[in-house]
Amino acid sequence: QVQLVESGGGLVQAGGSLSVSCAASGRTFSSYPMGWFRQAPGKEREFVAAISRSGGSTYYADSVKGRFTISRDNGKNTVYLQMNSLKPEDTAVYYCAARGGIPVYSERYYIAQYEYDYWGQGTQVTVSS
């Protein structure tokens, strides 16, 4: 079982930067591919970024590519999402997620919500125009 706690959300002006973090419990964090998703008011939750267990592979939604960077520190059991050049349409609750039960040799990342087993409670990011 993994517990995930996001932090670092807040209010930022358009064009600004913000970093959100997700701290995971347990000693096996390095075995979990991780992902970030977001849900804007009145919209469905959508994929933002994903990272493999080692951090060697990453993948981004087209809407954030070139602006957002996902990374992880397995020694600190934490995954990060650095967000630059923020736009009002980036306003959403940001969730991190962990995928369990993958082979030890896998360096896959996952982009579908149903592929993730554990979710955090979310952190609000608001971008003002």
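Residues numbered from 1 in each chain as written. Predicted model: local features only at pLDDT ≥ 70, side-chain atom pairs only at ≥ 80, totals over all residues. Heavy atoms only, no water.

Caption draft 1: Main features of the sheet that holds strand β3 (residues 18-24). Read across the sheet, four strands follow the order β1-β3-β8-β7 without closing on themselves; strand pairing throughout is antiparallel. For this open sheet the edge positions go to β1 (4-7) and β7 (68-73), each flanked by a neighbour on one side alone. Sheet twist, expressed as the mean angle between neighbouring strand axes with direction ignored, is 15°. Looking at chain direction, β3 and strand β8 (residues 78-83) are connected through six bridges and run antiparallel. Each bridged residue has a counterpart across the sheet, and for leucine 18 the counterpart in β8 is methionine 83. (Pairing = 2+ DSSP bridges. Helix = DSSP H or I, 4+ residues; strand = E, 2+ residues; numbered from the N terminus. Axes fitted to C-alpha atoms, helices over the stretch in contact; angles between N-to-C directions.)

Caption draft 2: Main features of the packing of aromatic side chains. This model, assessed by the stated rule, comprises seven aromatic pairs. Between tyrosine 32 and tyrosine 118, the ring centres sit 6.1 Å apart and the planes meet at 90°, which makes this aromatic pair edge-to-face. Highlighted residues: tyrosine 32 in the loop between β3 and β4 (34-39) and tyrosine 118 in strand β10 (residues 118-119), separated in sequence by 86 residues. Plain terms: the ring middles of phenylalanine 37 and tyrosine 116 are 5.4 Å apart, the flat faces sit at 80° to each other, and that makes the pair edge-to-face. Taken together, the residues phenylalanine 37 in strand β4 and tyrosine 116 in the loop between β9 (92-98) and β10 connect sequence positions 79 residues apart. Positioned above the aromatic ring of phenylalanine 29 is the side chain of arginine 72, whose terminal nitrogen or guanidinium carbon lies 4.5 Å from the ring centre. (Phe/Tyr/Trp six-rings, centres within 6.5 Å; stacked < 30°, edge-to-face > 60°. Lys NZ or Arg CZ within 6 Å of the ring centre and 35° of its normal.)

Caption draft 3: Fine view of the nonpolar core. The biggest cluster of nonpolar side chains holds 38 residues, and the ones touching the most others in it are Leu4, Met34, Trp36, Leu81, Met83 and Tyr94. Elements with a contribution of two residues or more to this core: β3, β4, β5 (46-51), β7, β8, β9 and β11 (123-128). The residues touching methionine 83, leaving out its near neighbours within four places in the chain, are Gly16, Ser17, Leu18, Val20, Arg67, Phe68, Tyr94 and Val125. (Core = buried A, V, L, I, M, F, W, Y, C linked by side-chain atoms within 4.5 Å. Buried < 20%, exposed > 50% of the residue type's maximum accessible area, 1.4 Å probe, protein only. Contact = heavy atoms within 4.5 Å.)

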